[in-house]
Amino acid sequence: MASWKGIYFILTLFWGSFFGSIFMLGPFLPLMFVNPSWYRWINNRLVATWLTLPAALLETMFGVKVIITGDAFVPGERSVIIMNHRTRMDWMFLWNCLMRYSYLRLEKICLKASLKSVPGFENSKARSNAFAEKNGLQKYEYVLHPRTTGFTFVVDRLREGKNLDAIHDITVAYPHNIPQSEKHLLQGDFPREIHFHVRRYPVDTLPTSKEDLQLWCHKRWEEKEERLRSFYQGEKNFYFTGQSVIPPCKSELRVFVVKLLSILYWTLFSPAMCLLIYLYGLVRWYFVITIVIFVLQERIFGGLEIIELACYRLLHKQPHLNSKKNE
């Protein structure tokens, strides 16, 4: 049964993202066709303001405790994050970790289209074990077997362009309740504690060949399995690793202020936009036209990121073509 906390959480996130897309991101869409780099810079910061909202609600309103141990993050570092998945909601809970290290505006989630409707952990584990049996691999109890093709592709491409500084290997664990899906959040079943254990691997320590990089990734998952076994069968923390809590680059006071400002801003933002729509005809026209644009681009092109990438390639190809003509 849905609870008032769950309903409040889901509706606040939905209306914030809906009105934020229209009235915060919408006005900057034309910039994508003129200067995609500036558009991306602005877009990252606007999206990051919304990403603070679920993190703020989870901790401030619903009392979720976040504990981070292991290696420190380097603010602004270009990194690929790999993480085990215990619930459909891991990606959202990760924002509570990244918020403390100024990573929210840099975060991009890479997912296969088929994984947008991933089943629960137990069903996924059955499929993972079937995959392991078919390929002669070890069966896991606490993690799913990694699919290394996408990982090696992303790492190799980033290394080729000299756009990678490190890999952050994050192990997430839930010592108490583990909400598996949005349905559990709607019922008010929020995790009481979330533990993140971080291992940082500088890019120059990674294997160079694709095959060795795949083996490296599998090794990290073997370590995760043992780490999580010790976690759940022990005192349900990562202190046994010998690595203590990481000091955040932001003080807890600053994090607290960010969370309060986020809740205040987004609580007022959606009603304010509704009021503007009600009062002004011009705003109503903008509202309707922008919705139509968002719907059409999704249907025709498959998403704004596809259009953005095409604009970037076109504008960065032009100087190259001009130089060839001059020759």
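It should be emphasised that the depicted structure is a prediction, and the values quoted were computed from it without experimental measurement.

S.K.: So, the pairing of strand β3 (residues 166–173): which residues are in play, and what are the values?
M.R.: In terms of burial, β3 is largely enclosed, as 8 of its 8 residues are buried. Burial along β3 is two-sided: the residues A166, H168, I170 and V172 and I167, D169, T171 and A173 are all buried. Of the strand pairs in this sheet, strand β2 (residues 79–83) and β3 are connected by 5 bridges, and their pairing is parallel. The residue bridging I82 from the neighbouring strand is D169, located in β3. As paired elements, β3 and strand β4 (residues 193–202) share 8 bridges and run antiparallel to each other. From the neighbouring strand, A173 faces β4, where its bridge partner is H195.

S.K.: Can you explain the sheet that holds β2? Please cite residues and give values.
M.R.: Backbone-to-backbone hydrogen bonds join strands into a sheet, with any given pair of strands oriented parallel or antiparallel. Taken in spatial order, the 4 strands line up as β1-β4-β3-β2 in an open sheet, and their pairing is mixed. Two strands close off the open sheet at either side, each with one partner strand: β1 (65–70) and β2. Between one strand and the next, the sheet's axes are offset by a mean angle of 25°, whatever the strand orientation. In this fold helix α8 (residues 210–233) packs onto β2, β3 and β4, with an angle of close to 30° to the strand it touches most, β3.

S.K.: Can you tell me about the environment of P75, naming the residues and giving the values?
M.R.: In this structure, P75 sits in the loop between β1 and β2. Residue classification places P75 among the partly exposed residues on the basis of a relative accessible area of 47%. Put simply, P75 and Y101 are 26 residues apart on the chain and 6.0 Å apart in space, counted from C-alpha to C-alpha.

S.K.: Describe the layout of surface pockets, naming the residues involved and giving the relevant values.
M.R.: Its volume calculated, the second largest pocket comes out at about 300 Å³. Of all the elements in the fold, those that place two or more residues in the lining of the second largest pocket are α3 (36–61) and α9 (252–279). Ranked by the residues each element gives to the lining of the second largest pocket, the list is headed by α9, at 5 residues.

S.K.: Requested: an account of the pattern of salt bridges, with residues and values cited.
M.R.: Within the structure shown, the criterion is met by 16 salt bridges. Here D71 makes a salt bridge to R199, at a shortest N to O gap of 3.6 Å. Of this pair, D71 sits in the loop between β1 and β2 while R199 sits in strand β4, and the two are 128 residues apart along the sequence. When its relative accessible area of 26% is taken as the criterion, R199 is described as partly exposed. Among the salt bridges present, the one from K224 reaches D169, with a minimum N-O distance of 2.5 Å. Residue K224 is located in helix α8, and its partner D169 is located in strand β3; the two are separated by 55 residues in the primary sequence. Of the two residues, K224 and D169, both sit in the buried class.

S.K.: Help me get a handle on the packing of helix α6 (residues 148–160) against α8, residues and values and all.
M.R.: A packed helix pair is summarised by two numbers, namely the angle formed by the two axes and the spacing between the axes. Packing of α6 against α8 brings their axes to within 10 Å, and their N-to-C directions diverge by 120°. Here α8 runs oblique to α6, going by the angle between their axes. The way α6 lies across α8 gives a crossing that is right-handed. Residues T148, F151, T152, V155, D156 and R159 of α6 lie in contact with α8, whose contacting residues are K210, L213, Q214, W216, C217 and H218. Taken together, the residues that form the contact of α6 with α8 break down as 5 nonpolar, 4 polar and 3 charged.

S.K.: Summarise empty space enclosed by the protein; cite the residues concerned and give the values.
M.R.: Following the criterion strictly, the structure yields 1 cavity of 30 Å³ or more and no others. The calculated volume of the largest cavity comes to roughly 30 Å³. Class assignment for the residues of the lining of the largest cavity results in 4 nonpolar, 1 polar and 1 charged.

S.K.: Can you explain α8? Please cite residues and give values.
M.R.: Spanning 24 residues, α8 covers 35 Å between terminal C-alpha atoms, matching the ideal 34 Å at 1.5 Å per step. For α8, the full list of buried residues reads L213, W216, C217, R220, W221, K224, E225, R227, L228, F231 and Y232. In this structure, the buried side of α8 is in contact with β2, α6, β3 and β4.

S.K.: Let's hear about the nonpolar core: which residues, and what values?
M.R.: Within the largest apolar cluster, 70 residues are counted, with the highest numbers of intra-cluster contacts made by F9, F23, F93, F151, I167 and F196. Residue contributions to this core peak at 10 residues, all from α3. Contact partners of I167, with chain neighbours within four places excluded, come to S79, V80, I82, F151, V155, R199, R200, Y201, L206 and W216. Grouped together as the second largest cluster of nonpolar side chains are 7 residues, M32, Y39, L304 and I307 included.

S.K.: Can you lay out helix α1 (residues 4–25) for me, pointing to particular residues and giving the numbers?
M.R.: Taking 1.5 Å per residue as the helical rise, α1 with its 22 residues ought to reach 32 Å, and the 30 Å between its terminal C-alpha atoms agrees with that figure. In the structure, α1 departs most strongly from a straight axis at F19, where the bend amounts to approximately 25°. Residues G6, F9, T12, L13, G16, F19, G20, I22, F23, M24 and L25 constitute the buried set of α1. For α1, the elements touching its buried residues are α3, α4 (90–98), α7 (182–186), α9 and α10 (281–301).

The rules behind each value
- Here, residues in each chain are numbered from 1, in the same order as that chain's written sequence.
- Where totals are concerned, whole chains, interfaces and linings use all residues; where local detail is concerned, this predicted model gives features only for residues with pLDDT of at least 70, and gives and counts side-chain atom pairs only at 80 or more.
- Side-chain figures throughout are based on the complete set of non-hydrogen atoms in the structure, without hydrogens or water.
- The buried label goes to any residue with under 20% of its type's maximum accessible area, the exposed label to any with over 50%, and the partly exposed label to all in between, with areas taken from a 1.4 Å probe on protein chains only.
- Numbering of helices and strands runs from the N terminus; a helix is a DSSP stretch of H or I covering at least four residues, while a strand is a stretch of E covering at least two.
- DSSP calls a pair of strands paired once it identifies at least 2 bridges connecting them.
- Axis lines are fitted to C-alpha atoms, over the contacting stretch for helices. Their N-to-C directions set the angle, which ranges from 0 to 180 degrees.
- Should any heavy atoms of two residues lie within 4.5 Å, those residues are counted as being in contact.
- Buriedness for pockets is judged along seven lines, at least five of which must meet protein on both sides within 12 Å for an open set on the 1 Å grid over protein atoms alone, while cavities are sets there where a 1.4 Å probe fits but cannot get out, and lining residues have an atom within 4 Å of a point.
- Grid points are joined across faces, edges and corners, and a volume is the space filled by probe spheres set on the points.
- Salt bridges are defined by distance alone: a side-chain nitrogen of Lys or Arg within 4 Å of a carboxyl oxygen of Asp or Glu.
- Each angle gets one of four labels, with under 35 degrees taken as roughly parallel, over 145 as roughly antiparallel, 65 to 115 as roughly perpendicular, and the rest as oblique.
- With the far helix as reference, a near helix turned anticlockwise by less than a right angle produces a left-handed crossing, and one turned clockwise produces a right-handed crossing.
- Basically, the charged four are Asp, Glu, Lys and Arg, the nonpolar ten are Ala, Val, Leu, Ile, Met, Phe, Trp, Tyr, Cys and Pro, and anything else, Gly included, counts as polar.
- How far a helix is expected to stretch is found by multiplying one less than its residue total by 1.5 Å.
- In plain words, nonpolar cores are sets of buried Ala, Val, Leu, Ile, Met, Phe, Trp, Tyr and Cys residues tied together by side-chain atoms within 4.5 Å.
- Bend angle per residue: angle between axes fitted to the 7 residues ending at that residue and the 7 residues starting there.

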